[in-house]
Amino acid sequence: MNIHSTVKKFSENRGKARNDRREEILRSAASAFQKKGFLGTTMQDISRQLKMTQGNLYHYFKNKQDILFQCHDYSLNLVLQELERIQNSPLSPEEKLRALILFHVGVMVDELQASAMVLELHALSPARLKKIVQKRDAYERGVREIISEGMNLGIFEDYDPKLVGFFLFGAINWLVRWFNPVGQRSAKEVAEAFSNLFIDGLRKRVEKSTGTEKGEKRQ
């Protein structure tokens, strides 16, 4: 291995280690924000939980608001990447929506201590808030497009896609208020239950006795 390859490999490993450490800090900070609130959490609280000095913490993030912003940005990037992957897949609208619900719930209960996507947005600066809202809106639009596609194909009931989206996001976001990672149900079980309940309720209903769609007149 020549010197250029050695330097490149070292740089890649150092970059990965730095990213891993940043994610570890985000997880710890999100947990602290969830327990004590953004205003009640100090940089010292975060550094103490990680057993690192505050000076070392500032090496990764400028301040507490920077950490809060990165928590939101990290989580939104995850769901946006998954949304793009699913949108470009050959799956049916029902399969796309199910896969996305499973992933979204997983992010809420597994990533950054189940709190990153619903942390205190109002504490961000106007410029940073705008960036987060733009990404959030892009994600919500993408989900509504999948719902609309299913309605247009007659797979889902003909509701207002925007209201359906609000219902879905509200239910998932509320998970952080009650989900217990050491409770009776695992994150996977909760995600599967959510996807089943939501899609079963949205799916176009058919009269069991005749096989005709609900509301269709019998001959």
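Residues numbered from 1 in each chain as written. Predicted model: local features only at pLDDT ≥ 70, side-chain atom pairs only at ≥ 80, totals over all residues. Heavy atoms only, no water.

Asker: Outline the overall build of the protein chain, supporting the account with residue identities and numerical values.
Answerer: Within the protein chain, the regular secondary structure consists of nine helices and zero strands. A total of 219 residues make up the protein chain; the buried ones form 41% of that total. Pairs at least 24 apart in sequence give 70% of the contacts found in the protein chain among residues at least 6 apart. Here the protein chain has roughly 13200 Å² of accessible surface; of this, 52% comes from carbon and sulfur atoms. (Helix = DSSP H or I, 4+ residues; strand = E, 2+ residues; numbered from the N terminus. Buried < 20%, exposed > 50% of the residue type's maximum accessible area, 1.4 Å probe, protein only. Contact = heavy atoms within 4.5 Å. Areas by Shrake-Rupley, 256 points an atom, 1.4 Å probe, with all protein chains shown as cover.)

Asker: Explain the packing of helix H6 (residues 126-152) against helix H7 (residues 161-173) to me, and be specific about the residues and the numbers.
Answerer: Relative to each other, H6 and H7 sit at 120 degrees, their axes nearing to 9 Å. Taken as axis vectors, H6 and H7 run oblique relative to one another. Note that H6 runs across H7; the crossing there is right-handed. Side by side, H6 and H7 meet where Tyr139, Glu140, Val143, Arg144, Ile147, Ser148 and Met151 of the first sit next to Pro161, Lys162, Val164, Gly165, Leu168 and Phe169 of the second. (Axes fitted to C-alpha atoms, helices over the stretch in contact; angles between N-to-C directions. Parallel < 35°, antiparallel > 145°, perpendicular 65-115°, else oblique. Left-handed = near helix turned anticlockwise from the far one by under 90°.)

Asker: Go over the nonpolar core with me, naming the residues and quoting the values.
Answerer: Among the nonpolar cores identified, the biggest contains 52 residues, and Ile25, Ile67, Leu97, Ile101 and Val105 are the most heavily contacted of them. Ranked by the residues each element gives to this core, the list is headed by helix H4 (residues 64-87), at nine residues. (Core = buried A, V, L, I, M, F, W, Y, C linked by side-chain atoms within 4.5 Å.)

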